[in-house]
Structures are given as structure tokens and as C-alpha cells.
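# Notes for the structure review
One letter stands for each residue in the lines below.
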Amino acid sequence: MMAASLLRRDKKTTAVHLKADLARTDDTSGVGQLQELLDDVLDPEKPAADTEALDWCKCLIAGGEGFEEFCKTVRSYDNATLCGLVWTANFVAYRCRTCGISPCMSLCAECFNNGDHTGHDFNMFRSQAGGACDCGDSNVMRETGFCRRHRLRTGENIPSIPRDLLLMSEMVLPRFILCIIQYLRDGYTEADTSTERDLQKVLQQLEPQISFLEELTKMGGAMRTVLTKILTNQQTFKELSMGQEENLYAKKNYDKYLSALKNSGLVSVEEKTQGAAADVTVGAEGGAGAMALLGTTAPGGPDESSKEEDQDAGQSVGQRKRVKLSSSTKDPRIIESLKHKCFLEELLFWTIKYEFPQKMVTFLLNMLPDQDYKITFTKTFVQHYAFIMKTLMKSHESDTMSNRIVHISVQLFSNEELARHMTEECHLLDIMVTVLLYMMESCLIKSELQDEENSRHVVVNCSEALLKNNTYWPLVSDFINILSHQSVAKKFLDDHSLLMLWMSFVSFFQGMNLNKRELNEHVEFESQTYYAAFAAELEACAQPMWGLLTHCKVKETQEYTKTVVRYCLETLQIWFDAIGFIDEPAPNQVTFHLPLHRYYAMFLSKAIKCQGLDLDSLLPDQEMLMKIMVHPLQIQACLSEIHSNMWVRNGLQIKGQAMTYVQSHFCNSMIDPDIYLLQVCASRLDPDYFISSVFERFKVVDLLTMASQHQNAVLDSEQERPMLEGALTFLVILTSLRVHLGMTDDEILRSEMVSQLCMNDRTHSALLDLIPENPNPKSGIVPGSCSFEEMLSAVADFKAPVFEPGGSMQQGMYTPKAEVWEKEFDPIMVVLRTVYRRDVQSAMDRYSAFLKQSGIHTGNPWPPYKERTPLHPCYKGLIKLLHCKTLHIVIFTLLYKIWMDHQNMSEHVLCMVLYLIELGLDNQVQDNKDNEEPCIEEHCHDSWFPGTNLLSNLHHVINFVRVRVPETAPEVKREAPPSTSTEACSYGQNLREAQVFSLVAERRRKFQEIINRSNTEATQVVRPKSSSTRWVPPGTPPQLVTEILEIRESMLSLLIKLHQKLTSRQNSLSASWLEDMDTSRHAHGDGITAIERILTKAATRSCQIKRSIQDICGKVCPPVPPKKNSPSDKKTMDKEERRQRARERQQKLLAEFASRQKSFMETAMDVESPETEAAMDLGASEVMESEVLYDCVICGQSGPSTEDRPTGLVVLLQASSVLGHRCKNQEAKKLPTSDEEHIYPADTCGVAHDVRLTLMQRFFKDSSCLQSVSIGWDGGVYVQTCGHTLHIDCHKSYMESLRNDQVLQGFSVDKGEFTCPLCRQFANSVLPCRPGRGTEGGAWHAPTNKKLCVLVKEVEDLQEKLGPFPTESNLSKEMELVIKDIKNTTQKKYMDYGKNPGSPDNDFLFMYSVARTNLELELVHRGGNLCSGGASAAAKRSCLNQLFHVLAMHMRLYSIDSAYNPWTKLTQITQSKEADSFDEERPEVPMLFRDVPSLLIIFVLTMPQPLRKEHFICVVKMLYNLQFIQALTALSTKFSPEERQAWSTSGALKKAANAERSFEALLSHAISELSKDKSVYKVNAEETSMLSSSVWSPQSIEFSLQQFCLPFLRLSCLLQHHLYGDNLTGCLEEDEFSSLAVCVGLLPSAPQPSNTVHSASCLEWAVSAFDLVTQWCAEVMGLSQMQAEQSVTLLVQEPQWAAPRLLQLPDNYNIIFQYYHRKACTACKKVPKDPALCLVCGAFVCLKGVCCKQQGICECVLHSQHCGAATGIFLLINASVIIIIRGHRFCLWGSVYLDAHGEEDRDLRRGKPLFLCEERYRVLEQQWVSHTFDHINKRWGPHYNGL
């Protein structure tokens, strides 16, 4: 009842009244009233969208005052010491590695900028999943990095909060939160097939309520404390959550909640079974128990289970059946029944159910700065952890959900204190491991590795969504995060049952993604699952492993390592049993995933490197070692097979796997541990067994025979060579790699860096990325380790970025120092680290280039041999590999085969063989071992070599060898049966002596021996012998027969013979060569050097060898191998020579071709270098010859341009506003980077001209106005050419062929675009060349003696005379078409300036303005003046001569009405026309207001062509007079009245002789004329007196006059240069005026000393000057309607403009980024997703933004049309790159901001500080001004108006 009366009252008064009631000591009435009111207001049955309730809450909480005020008050009591700002995805934050304790630390921009991070290793990043600012949290970052605000402990000086301030909040908020929860309960429906559930809708309705909660959290610490109390108070929850008895709604609502709990498979306490009390420990097989963990047995409703089945059924088609593990073990610790005890817990529950809505997440995170809340929330989160992951697996939006989960968990688990607390109290580790197991168990299949039928092993199925979509990553990332805390990791390593569980988890990945080699046809479907497999092993197995390893660094932790190693071995044993492995791997199978092997390897390595454990104590027995070795070795052999194209039928993906396996992010978790494990096995197993296993795995056993022919059962002959090379390379890597065998971290970093730099020069970021991460963190935090930067500067030099004229942008690169090439280049490391085989070649090419350059070696060098770091004592056994008979037999056989030229041998094979010999010589076995096991030596039935030491075996001679060869082999035919008894006797002896060698049999025997030694009971299953027959091919036609070969060689003698063979000189080594050997030159060179180096080394180590070498060299006549005399061999030698010669020829041809290409490029494509004139500068000299000849670049014919078959120039027409963007000021405008700065466009050239024209059109006749100015400053048409010509009909057929060409071109043929057929430069039109009429050339070029007045009359007559009207011909048609093209180039608005659009006057104005635009632009390209003279780069592109003819022809159509001809006003005193003025509606524009250059162009274009030069000069003279008087009048307006008076009187006195050429006299006359009416000078009397503090001297006036007239003179000269081919002479800047005056004939040719040239001395008048000036002034004075200030505006023209410039950018990119990336767009008032900046005018636009679209055109394109007439240069704020829009195309130009290492950072991915690169910016500006974007940038694409 009361509630109703309260509701009727005003909210404010009610709130005040209630607050007062509650503040009393006895507050019962108040409480009752409030509760009743709330019951009514917060009735959950009302629709949530109704905001009335929210308004009430706001009002009540504020206690009657305004809510905003209330917020302010509460904020003033904020005692938070943490920032805690929460952000969502795409927010820009910072990370500083120097200040961070946890790697996840991040800061908001404000805290970062207010902290001091100078010189730190920080970067800016775009948040992927959202995050929160850690400033002020000393658990996560060092206090030195806190910002100013959070460094002071703010909490201390804040007053304590008054009790009544938050009183209402404490009462109202619990009900408010309950209300939200009730809505959530109500709105939730299970995912049921019948109803489409719409959770989003519920959330949208709740948006205002949750936002309100978020607002509350932002009020600071005081309010958060209140909220924490409410959220965590169990009593309140109990009272409110169930609802009162009589309230039916609440009861139903609560039931909904219970059923939701139940359906989630979470048991509520009431139903929890008693059985849980019995604590079941998780045993070894407990891994399976995880399945039951989330209570899959909980009632899920019948439909749920059937759905699961369906899914399975669907899966099984074409796929292996999913395996389900069932088990009944429950782990009661983890299936904590979820009884929610407070609001917070239920809120989190619903947050999960609704799949983590962003607002809820933000609210929950905003509360984290409150410590009590943080602890409770973390606990709650951990309790719900299993449930969260289960929801995630079912979710359809798993990506978004993953991000939100990690957003929360990373805030909780990065804090070590908290993580440890959770591990101890809530079993966090157990939960995580169990949940991980559960997750993976959902997608297991049977492993097909090894024994397919009987395998008991299960692996994850990589094609399941869980793995493919990386759904597991939130879990794994949390796990890695908590393992990074030492206390947690130690707990994990201590807990053996957990470790065992973890191992069973890892074994799910062991052997996943099995590849089976396709032998018959190509696989029809290439699965791309392999990437999921690699990612899974890296993230789920390797990264936790690295995490654990970081805590096993010291002796004290050795127990942990021992435990892990023990469990690894146990699990491996289980795995071998499960897959049924005995001793041979199944053929044609490979899996790249052996995480168990790798765990074992890495912990072994750590134990020996850091913890001082003994290797043998951690190793299993020999038999187990043999098993462990098999699979990693299988991978190495398969890598070789894949590169030998044996797996091509499996598709490209298998190559992808081989590459990923060695790729920089994976190699240290994959190939490195594998190789290390093999090294460990090799060091402990019998070397003969190991070596023969290697050759057997690589399938090259059959190849290792002395016979010249053999049969290989398993390889095609073209695969033999690469496989043999692979096997030998592998052995070299195995015996020489020291990454885990004794190198320090610094040495590893150095060798990694060197190998990457040797492959290619690298940018800093690429290098960081390419160097494997984990064992040596790059951040250089590891104490005592050398940092990345120091190491980099030690091994490499920085090459600063350079620019090529072609415009391709280079980055700053690092290149190896010379001494690195000399001493540290390690080809073995390079081979190990290359993803692409071509990188090895690249490294070798760079190495040989270095050797050539430094003069060390000129030929083709071999990979250099590098000395190795000494082995760690534990691994000394590895050296035995190099000293075992099997290897020596192989080496001997191969040397022999190479010397005999057997097939499939190669230089690489020899290289590797020599490498192995050299390694053996460098690593000698300690001799004490030799007498240990004589028994083995005894029954070793091959007596090839006496012992195992390489040194003694080198010189051991082998006489006879018994081989099995096919009958067809040459060896067979040669043997004759013994004829005499003596022979027979020796033959028998040979038979007895002859060596037999079978690798396979040898390996079998060894294996048997080892097995028997370890298992005396001999119950061991022995593989039946039959399997060895696999190596004997079945009885194929050529039967194998046994032959005996006579060899009589030792390894030494073969080496020396090979030396002779390589040098192709007999006796290449004289007997005494060892003595005079210079060892220093041995380090680099080819095979010859290598052999010499080996012989020298061997000789220095043993005197016996030295003697043998001398003996062998002493036999002067070298034994000829039996094959030498056969003719075929001569052929092979010739073949070699021929090949060599062919190669040389090819080189020569290529070089010649390159130089030709280069010279062509220089002439044709020379875009920017001002060298000689282009091949065809059509402007000038050819006019003199009788007829100009043109070459057509399409048909190749040369000939004149004719009326019927005109020739044209290839041109590009483009609209340009470059001129319009010029300013008065030389300085470029600055880009605004704060709200105070602005750019005003009013002072640009384009605007100034627009204003002038508009003003004229107000007062004067339109047709006259349109001839008094030029347009085209904005949107003018610029014409440029590449200088090539073609027949216009050829061009048409060329365009046709382009149109039919379906290839995607970067240009649009329909718009007439094409590329020049010769130089491929972009073009869009053809400008016809007029037929050369050179006949009268002499006449119209000759100097003249006619009087000026005669010439003036002639000019007038010429203007009267209509030119011959062009006849209808092909040429005239083409000219019309070009005019059409020119008009279509620019937009309509840039052409229509007249009152009536489309009138001839308008057309006329546009035409002559095109000429003006091109002249002006050429001036700009020449640097704004003509001081440099000569031809310029711009002149090469200029086609003004042709353009003038085309325009002139078009303008002849418009004759100027003689009555209004400006020429008469220039040259005659006209009678006053007062009488007939009444019929004119508006006066014409006075001469003094007209633009003189425009008049010049009009005259030249409208007079008959070709114009005689004398007439041209006459026109220039007359116009100069006008320009000069304009200069005087403009100047006079700047004087103060006193000065004006003074000049007027002083000048009047000079009106004596030659007064017409004295500026004083003319000035005084003009002043007096303009003062007549007193009007013109009245205006600015006040202003000028203020301004002119300086006094005008004759010198300063003279200077001003010259400056005023210079632009006109420059244009006249340029025009004359193009029309008549006159040369432009260069001069100094101060002499420019006089030099130009001479050039256009205003001054006699003899140049005077500069100081005597006066601008007035150039005047030449046709009639009395004073009369003419009077007449001109009178025109101005006679304007009645015009105010004086407008007259002055028009009088003072500004002909001088500075060069066009782009905006001046700040040096540091961050300044731009911080201001603009959050700035709201001016048009749509939103913050754009992709903001962009126009670099020409500074406009801020939305790239691709739909918000600012107009008529389907996006804002950037619109702006480019408006600001640059379809050329736009935009800086993309979020990417730091510049895009160019040109018409309908766009291109990415690159970035002008580079980091400290000279690199771009596109998309700001690395987020390092960027600085302006001035050179790049100048290049950009230069391309803009010179209009060469189209030529220089190659990658253009259409933008479809979508930018």
C-alpha cells in the first residue's frame, strides 16, 4: 500500500525522504518502506526493456541528488592503487618487457605515457582478446614502471567515506542484482532442437542494467567495496535467491535455475551421492577417468545422447571411428558439486551459460582492483573451470568465447601469489590437467602406426574441430601461464600422480597424423590437418615442457628431472607395447609427432647441461635405446625421401610437413630434440649397428657396392643419389652438431644468427622471428647471457635503407661481417635450419661471392669445414661413430666409386665423405679402450681393416673384394678362366683374401648379440631370418653372380687419385709437396683444397701416413684405372668439357643480355634522372628538317605523320590539383596533432583564383571574365608522354587485342587505358602529331628588322584572318577525339565556370587553361624557375609542342570578336565609347585586372599556325608592357599616402627624354591617374600606414617589379622553347630576370652586368605610354558599381607561389597515432574503424567506412576527387602505410615511418616506435608533384569506390 503512495510521488523527494528515514538509528520503518517500494519497482515480471526501474535505482542510490553529482562525490573517495582499466578486443595497449615480471603484463596508453619507459624494450599492440591495465600491481610489474598516478600510494591521503553516502546503495543494489539474475534465469532456454533459442535477445534487453553495474564499478574503490560485500555475502544470497514462500514467481524462477544446473551436468548438493566420500586416487590409468569428470552420466535428457550418436555416425563416413574411453573412476576432488553460495557465483554461472557476454565480462573484470573480490572471484572461477571448458567445447562461437575466457583468466593466473593459493586450496593443477585430458578424450581414434590391427594405442584425430579450430588454446594458455610460476611448477613436478596423468595426456599426441606413402596413384584428397597437428604438439606439449624446463636449471632441482625422465621412459615403454613394436619400423609410414621422445630428450639435455647429472644414470638399457632411436631416425630418413620426391603422390601437404618440422618456430621443439636423442643413442649403442641402421633406413644399402652396377629393390635409380646424399649429410649433422652437446647459450644464439644471416640479409624483425625462441629467450633477461642486440652487432653490419630510382622501397638490413664469412660460416647449421632447399644454395652463392670479392678463392668453392666446440664429456661416445669399420668400409667404397665414375655419385657425396674423414681426423678416440673387448674383434669375420681407428685404416691397402653383380655388368665379361696352374693357385688365394661385405647381415648380427647379452634367458623373440631376404631382389632376369675385383688401393691412395682427377693433371702432387705446404690457405676452397687439407692433417698426426703419402706420390706413373682406356670415358671427359664451355657461353650471353636491358631501361624508363634528352624529344630540333619522321613502336615502321595515317604520341592524361595546393609560404603546413592546431585552406592558389574569378563575374561581362583568368589550378589536365610514338590505326588494333586478352590487368581497357607497347609505361590516350611542314621553317624562324609598329599591325591582321578551316581527315578526327579525352579526364565542376555552362566561352577558357596548366607544371618540375636551363626530366615527359597544335586547331573554331579584342586595347588609344555604352549590360574586364599569361596563351593559340617568331616576340613585348604597369599599380597600393605623394611628385619631374622607360615617371603617372577619383587609395590608408614601417627605396621597388614580372617571363620563355626549339640558357638566380628578358627579345643580346638591368628598360611602346596608361587606369576608375576595396583586390594579383608541398609530419609516429586513432570522424561523429589522413590537406576520413558513403562512394575516394581531382594520398592511421588513389585504381605505396632498424611496420604488428624517414617522404612528395605515381608504383588494383 505504502509502496503505491511512494510510487506516485516524485522520485527525488521520495529518495530524500527515505534516505533521511534510513539514516536514523531506528531505521525499521525506512527499511520496510524501501523494501516495499523495491518489490514494486524491481518486479521481475515486468519486461526488462522498461527503464523506469533503472531510473528509480539511480535516484534512490543517489539519495535524491543528481546521479552525476553523486558519481563525482563517490569518486573523490577513490582509494584504489591499481589502474585496472579493462579493455576489449582491438584496443591499443602497451607492453614493456623491461618492467614486466609476468610476460602477459600490459598497460593502457595513459599509464604508459605517464610512466618513464625511455630506452626500455616496449611495444604497442592491438589487443586480441581484451585485457586490463596492470599499472600499480607489483605482482605483475616492477614498481619503477608505474605511472605518476599509481606510483604514489593514492590510498593513504583519502578521507574516510561518510556512512550515509553509500547507505542507499547497500540497501538497493542487492535487490537490483537479484533482479538481473532473475531475468537471466528466466531468459535461458536449453539448446533444444524444437525452439530456436535466442540468448542474444535476452542480453540486449538487459544491456542498460548491466551497463549500469559497469558504471558503478568505474566510480572507484569506495563503490567497489560495497559491490564486493553484496556479491560475496552468503547470507543475502540465501535470503533473496530462493524467494519468500508465498512468492510463486520466485519459486518457479528458482526451479528454472536448478534445472539449468542439472542440465549442465553439474550435480547440485542435494543429489550428490554418498559414494563420493570414498576418496579414489587417480592411478596410472586415471587418464581415462577424466571422461566421467564432468558427469557425462548426469541426466542429459534422451535427446542429448542420441544427438551425440548421430554426430558420430556422420563422422564415421570416410573417417575412422571415434574411440570413446569409458571408465567409472570419479575424482571427487574435481567434481565439486556446484552449490552456489553467493551472488557472484551464480552471476559467473550465468555468464558461462550465456557464453560470456562482453558486458558481463567487463563488469566482472572491472571489479578486480578490489582485493577481497579478486580472491573470491578467482576461487569461483576455478570451481567453474571444468564447466567453462565444457561449455566452450559445445559453443558455436568458440573463437569469441575463447577470447573472453582468456581475457578473464590471464588477469587471474598471471599473479603468482594468487595462482599458488588456488593450486593449494582449489586443486587448480588437478582441475586443469583433468579437464585437458577430458577435452582430448572427446576426439580420440585408434593409432595405425606399426601394427594396424592389434594396436592398442589411441591418438587425437587432427581433423576434429577441437584441434582444427584450436578450441583447446584457452586451457593450454592458462596452463602454461600458471606453470610459469616457480612455486606452482614445483608443485606440479612434486605430484607424481599428476605427472603420470600429464604423460598419458602427452601420449595422445604421440604418433598422431600418421602419413602413409602413396605408391600407386596420387591421393585424391589432400588433407590439411597437418597444421593442426603441429600447432597442437607445439602448444599443448612443447610449451608446457619449456615452462617446466625453466624451473629445472640448478642442481637443487635434479630430483624433479629424474622423476620426469623416469616417467617418460615408463610411458614410452607402454607406448612401444601398445603399438606392438619389436625392432623394425613399418615401411612407408611416418609421423612427425613424438612428444614423448622430445620430453625425454629435453629433460636429459637440461639434466646434463645445468644440473650436473650423469648421463648413464638416466639412460635405459641398450634394447630400449635401440627402440627409442628408431622413430626419430625414421623421420630423418623420410625428410630425405620427401626431398627426393618419393612422396609426391601424397600431394604438397607432405612437403608442408617436412618444412614445418624444421621451421624456426618449431625446430627447437621438434628436429633439435630428435637429433639430440639420436646423438645420445649413437653415443651409447654399438657404432657398427648404428651406422648400418642409418644406411638401411635411408635405403641405400644396395648402392654401397664396389661393382659398377647393382640392383636396388626399394629405390628408383634417380632417387638413389639424393638419398645417399641425405644419408651422408645426416651423418655429418649427427657427428658435428653441438647444440645440445656442449655449446653455451651464447654460442647457440651466435651460430643461429650467423646461419640465418648467411642465407640472406635480414631485417631486424625477420631475424628475431627466425631465431628459435625457447632455449635462449630473446629478451636477454637470462643473467649472464649475451643479449640479442649485442650479439647482432658482433656478427652483422647494418645496411641503411636505400632508394632505387624505380621507386622500390628497401628496408634496413643486416648483413654478415667479413670475418663471419671467413671464420664462422657453418654450412651444416644452414642445412639444418633451411626450410627451402634454395636457401642453402643462396648461402653458398653469397659465400662464393664473398670469397671472390676478397680475393681468397675465385672458383666454385665447397662448403667450408668448421672446427667444432669440444664435446661435453658425457657424449664422448659419439666419436666412436667416426671410428668404426662399417663407416670406413662405406667411405672406402664411395671413394672408389667416385674415382671410377660409377653412376649416381656426385660432388656433394664426395664433399660429405671428405667431411666425415676430416671429422674423424679431428676427433680421435682415446686409446685406452682398444684392448677392452678383443673377443668381438676376433669373431668379426670381415678383415677389411685391422682395427677401428681411422688413422691406421687410412693407409691400409685392400687388394681384392668379392661382389655380387648382375651378369650384364662389365666386371663379369672381363674375367677369363685361369689357364695355368700358377694363375689358378693365385686365383684361389685371391678368393680366400677377397673381402665380403654385407651391411644388413652385419646389423642383424649385432642386434642379436646385444639382445642376447641383455637377455641371457634367450626367450627373446627373434625376428625370423626370412625378412632379410627383402634386400635380395627376387630372381629377376639378370642373375646375380659373385665376382672378385682386384682393387689394390687404400683410402689414402684413392684420395690422392681423386686429387689428380679433380685437378685433371697427372702427378698433381709431387712427392715433396707436404713439406712446402702452406696450411693457412686451406680454410676456403674447392674439393682440391679439401683433399690437400685432409692429407696434411693426416700426415701431421701420423708419421706412417706421411711416409705412405710420399710413397704413393713417388710412383710417378699413376696406375690407370681399368676403365680409363675405354672410349666411353673419353666421351665423359669431353662431355664435362663441353658442359663447362656451354655454361661459360650461357654466362656470357646472359651478361650481354643484362647490359642491353640495362641500357634500354636507362633510355626508356628513366623516370627521374635529368640526363640527356629522351630518344625522341619531339619538341625541338626536328622542326627544321623538311619532314619529321616517327617510329611506330607497334609495327616498327618509320615515316612521317600524314593526314590519312597520323602518328601519335603515347600520353597519359590526368587531372591534377597540385598547382592549386601551392601556398605563399615556402614552409610546408604542419599536420595538426592536437585540438588546438588547424589547417586553413584559404591561402592556397586554387582558392585565391576561385575568389578572383567569382569577384570578376559579379561586376563584368561573363565572356570577358572567362578570358581574363586561367582555370585548371584545381582539376587541370596534365599531359605527359613516355616519348614513344605509334600509328593511330596500330594503336586501335593494339587496344582491341588488349580488350580480348583475358589476363587480369591492373588497368581498365574500356576506359582507354593501356601500357606503352615498348616501355610498358601507363598511358590512356594518343596525341596526334601534326604533319611536319618544315619547308617555310627558315622563313618563320629568321630574326626580323621590321619596325615594331609594323609588326603590331601584322599581328592584328593575323588575328582578323580566319585560318584555313581544317578539312575533314583522319588527323582532324583524331584531334577531336583527343580533345574529348582531355575533357573527360577531369570532372565537370572543374570545367564549368561560366554563367551558362557549355557555352563556347567556357570551352575556350578550358582549352587555353590546359596549356597554362602544363606550362605551369613544367615550371614547377624545373624547380619553379628557369635557372637550370637545358632539358629537364620534366621536359622529357613534356609534349607541349604537340599539345599546342591540337589545342590551337580546336580554338581556331572560336574567333575573337574584333570589337572586344584585347590586342587593340594593348596597342591602340581608342576613342572614348561613352556614346554607345548604354547597350552594354556590363563592362568588360579592365586591362589592369587581366591575367597576362592567359592573354599570351590566348593570342598564340588563336593566331594561324605556325606563328612566325617575330610575331610571337611582338606579342610578348606588348604584354610585358601591361604586366609592368600592373606591377606598378599593385605596388602603389602598398605605399602609405605620404610615400605615394612623394613618388608622384619626384616622378613627374622625370617626364623628360626616355620617360617611357623610366619606372619613376610611369609610377608617378599611374598614381596620379588612379588618385583622380580618390577612390582606389582610400581603402587601406589605415592599414598601409600600419604595415609599411619600411621605406620603399628605388632598389626595393625595382626588386619588387622584377619579382612581379618574372612569372610572366618564365612562361613566355618556356613557350618559346617549346614552339621554336630555342635553347634555355642556365643562369644564376639573381640574373634570372635579365637572362630571360634577353631570351624573349625584350633586351638586346649583349647581356649587361647584372646591376644595370632595370625592368623598365625592357619596355617598348607602340603608342604613347602615358596615354595608354591613362586609358587603362580610366577603365578601373570608371567602374561605378564597384567598391574601392574590391578594385584593390583585383589590382593586387599574386603571381608568386611557393612550390607545392605535402604536409609536414611529426618525427615520431606515436604523436599521430595517439591523436587520430581515437578521434571521431567529423562527418559521422563515430570513431572510424580504419581512420585515414589526407597528406595533402590534412582531412580526416573513414577508410571503407559505410557511415560516410555518398551515392555508393566511400569517403576516401570522394575526398580524393574533391581534394586532388581523383588523386589522393592517404596515411592509414592503424597501419602506418600510405595508399595512393588514382582515378579508379589504388595502390599501397609503403610507409614513410620506419623503426630504429630501418624497417616498416605495416599494420603496426610489432608496435615498435616509428620515426619519419625524410628521404622516403621526399620521394613521395616528388612523385606527387611530378605526377609519376602511375609509372613508378607497379601494383595497382581497382577500388570499386570502396575505400
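Residues numbered from 1 in each chain as written. Predicted model: local features only at pLDDT ≥ 70, side-chain atom pairs only at ≥ 80, totals over all residues. Heavy atoms only, no water.

Scanning the protein chain from terminus to terminus reveals 75 helices and 27 strands. When burial is assessed residue by residue, the protein chain has 56% of its 1843 residues classed as buried. When contacts within the protein chain are restricted to residue pairs at least 6 apart in sequence, those whose partners lie at least 24 apart make up 79%. Put simply, the protein chain shows about 79,000 Å² of open surface, and 53% of that area lies on carbon and sulfur atoms. (Helix = DSSP H or I, 4+ residues; strand = E, 2+ residues; numbered from the N terminus. Buried < 20%, exposed > 50% of the residue type's maximum accessible area, 1.4 Å probe, protein only. Contact = heavy atoms within 4.5 Å. Areas by Shrake-Rupley, 256 points an atom, 1.4 Å probe, with all protein chains shown as cover.)

Let us look at the pattern of salt bridges. All chains considered together, the criterion is met by 61 salt bridges. When the shortest N-O distance is used, the salt bridge between arginine 185 and glutamate 346 registers 2.7 Å. Taken together, the residues span a long stretch of sequence, with arginine 185 in helix H8 (residues 167–187) and glutamate 346 in helix H15 (residues 343–353) at a distance of 161 residues. With a relative accessible area of 1%, arginine 185 lands in the buried category. Judged by relative accessible area, glutamate 346 falls into the buried class, the value being 0%. Across the pair arginine 1785 and aspartate 1830 runs a salt bridge, and its minimum N-O distance is 2.9 Å. (Salt bridge = Lys/Arg side-chain N within 4 Å of Asp/Glu carboxyl O.)

Attention now moves to the sheet that holds strand S21 (residues 1740–1742). Here six strands make up an open sheet; going across it, the order is S21-S20-S22-S23-S24-S27 and the pairing antiparallel. A strand with exactly one partner marks an edge of an open sheet, and here the two such strands are S21 and strand S27 (1837–1838). (Pairing = 2+ DSSP bridges.)

What follows concerns the packing of H15 against helix H18 (residues 385–394). Contact pair H15 / H18: the axes reach a minimum separation of 10 Å and the direction vectors enclose 15°. The orientation of H15 with respect to H18, classified from their angle, is roughly parallel. Viewed along their axes, H15 and H18 form a crossing whose handedness is right-handed. Of the residues in H18, those touching H15 at Phe349, Ile352 and Lys353 are Phe387, Ile388 and Thr391. Of the residues belonging to the contact of H15 with H18, the class tally is four nonpolar, one polar and one charged. (Axes fitted to C-alpha atoms, helices over the stretch in contact; angles between N-to-C directions. Parallel < 35°, antiparallel > 145°, perpendicular 65-115°, else oblique. Left-handed = near helix turned anticlockwise from the far one by under 90°. Nonpolar A, V, L, I, M, F, W, Y, C, P; charged D, E, K, R; others polar.)

A few words on unusual backbone geometry. For glutamine 1751, which is not a glycine, the phi torsion comes out positive at approximately 45°. Residue glutamine 1751 is classed as exposed on the basis of its relative accessible area of 76%. Phi is positive for aspartate 1803, close to 60°, though the residue is something other than glycine. Within the secondary structure layout, aspartate 1803 lies in the loop between strand S25 (1793–1794) and strand S26 (1811–1812).

Our focus in this paragraph is the nonpolar core. Core analysis: the largest hydrophobic core is formed by 293 residues, its most contacted members being Phe70, Met223, Phe492, Phe509, Phe695, Leu895 and Ile917. Sort the elements by how many residues they give to this core and helix H26 (residues 530–549) lands first, with 13 residues. In contact with phenylalanine 70, not counting residues within four places along its chain, are Ile61, Ala62, Glu65, Leu165, Leu166, Ser169, Met219 and Met223. Residues Phe1406, Tyr1520, Leu1531 and Leu1619 belong to the second largest nonpolar core, which totals 131 residues. (Core = buried A, V, L, I, M, F, W, Y, C linked by side-chain atoms within 4.5 Å.)

Okay, the side chain of asparagine 1774 next. Mapped onto the fold, asparagine 1774 is located in the loop between strand S22 (1767–1772) and strand S23 (1778–1782). Among the polar contacts made by the side chain of asparagine 1774, one reaches the side chain of arginine 126 at a distance of 3.1 Å. Beyond its immediate sequence surroundings of up to four residues, asparagine 1774 is in contact with Arg126, Phe1713, His1717, Lys1729, Asp1730, Pro1731, Asp1803 and Leu1804. (Polar contact = N/O pair within 3.5 Å; in protein donor to acceptor, adjacent residues only side chain to side chain.)

What follows covers the environment of lysine 1725. Looking at the element boundaries, lysine 1725 is found in the loop between helix H72 (1709–1716) and strand S20 (1731–1734). Taking the C-alpha atoms as reference points, lysine 1725 and cysteine 1748, 23 residues apart in sequence, are found 10.0 Å from one another. A polar side-chain atom of lysine 1725 sits 2.5 Å from the main-chain carbonyl oxygen of threonine 1722.

Applying the stated rule across the entire model yields zero disulfides. Not part of a disulfide, cysteine 462 finds its nearest cysteine sulfur in cysteine 443, a span of 8.4 Å. (Disulfide = S-S within 2.5 Å.)

On any regular strand, side chains alternate: one points to one face of the sheet, the next to the other face. Counting buried positions along strand S16 (residues 1276–1287) gives 12 out of 12 residues, so the element sits mostly inside the fold. Note that strand S15 (residues 1207–1216) and S16 share nine bridges and pair antiparallel. Note that in S16 the partner of threonine 1207 across the bridge is histidine 1287.

Bringing the sheet that holds S15 into the picture now. Judged by pairing direction, the sheet is antiparallel, and its three strands sit side by side in the order S16-S15-S19 without closing on themselves. Since the sheet does not close on itself, it has two edges, and those belong to S16 and strand S19 (1325–1328), each with one partner. Shown here is a sheet whose adjacent strand axes are inclined to one another by a mean of 40°, direction ignored. The sheet contact formed by S15 and S19 spans four bridges and is antiparallel. When the bridges of S19 are listed, leucine 1209 appears paired with leucine 1327.

Another point: the confidence of the model for the protein chain. Of the residues in the protein chain, 79% reach a pLDDT of 70 or more, and the chain-wide mean stands at 80. Highest mean pLDDT in the protein chain belongs to helix H32 (residues 671–684) (96); lowest belongs to helix H43 (residues 934–938) (34). A low-confidence stretch, residues 775–784 stays under pLDDT 50, and its non-local contacts, those more than four residues away or across chains, total 16 contacts. Note on residues 1016–1037: pLDDT under 50 across the span, and 20 contacts to partners over four residues away in sequence or across chains. (pLDDT = per-residue confidence, 0-100.)

Glancing now at H72. The buried fraction of H72 is high, at six of eight residues. Within H72, burial applies to Tyr1709, Ile1712, Phe1713, Gln1714, Tyr1715 and Tyr1716. The opening residue of H72, the one whose side-chain oxygen lies 3.0 Å from the backbone nitrogen of asparagine 1710, is asparagine 1708.

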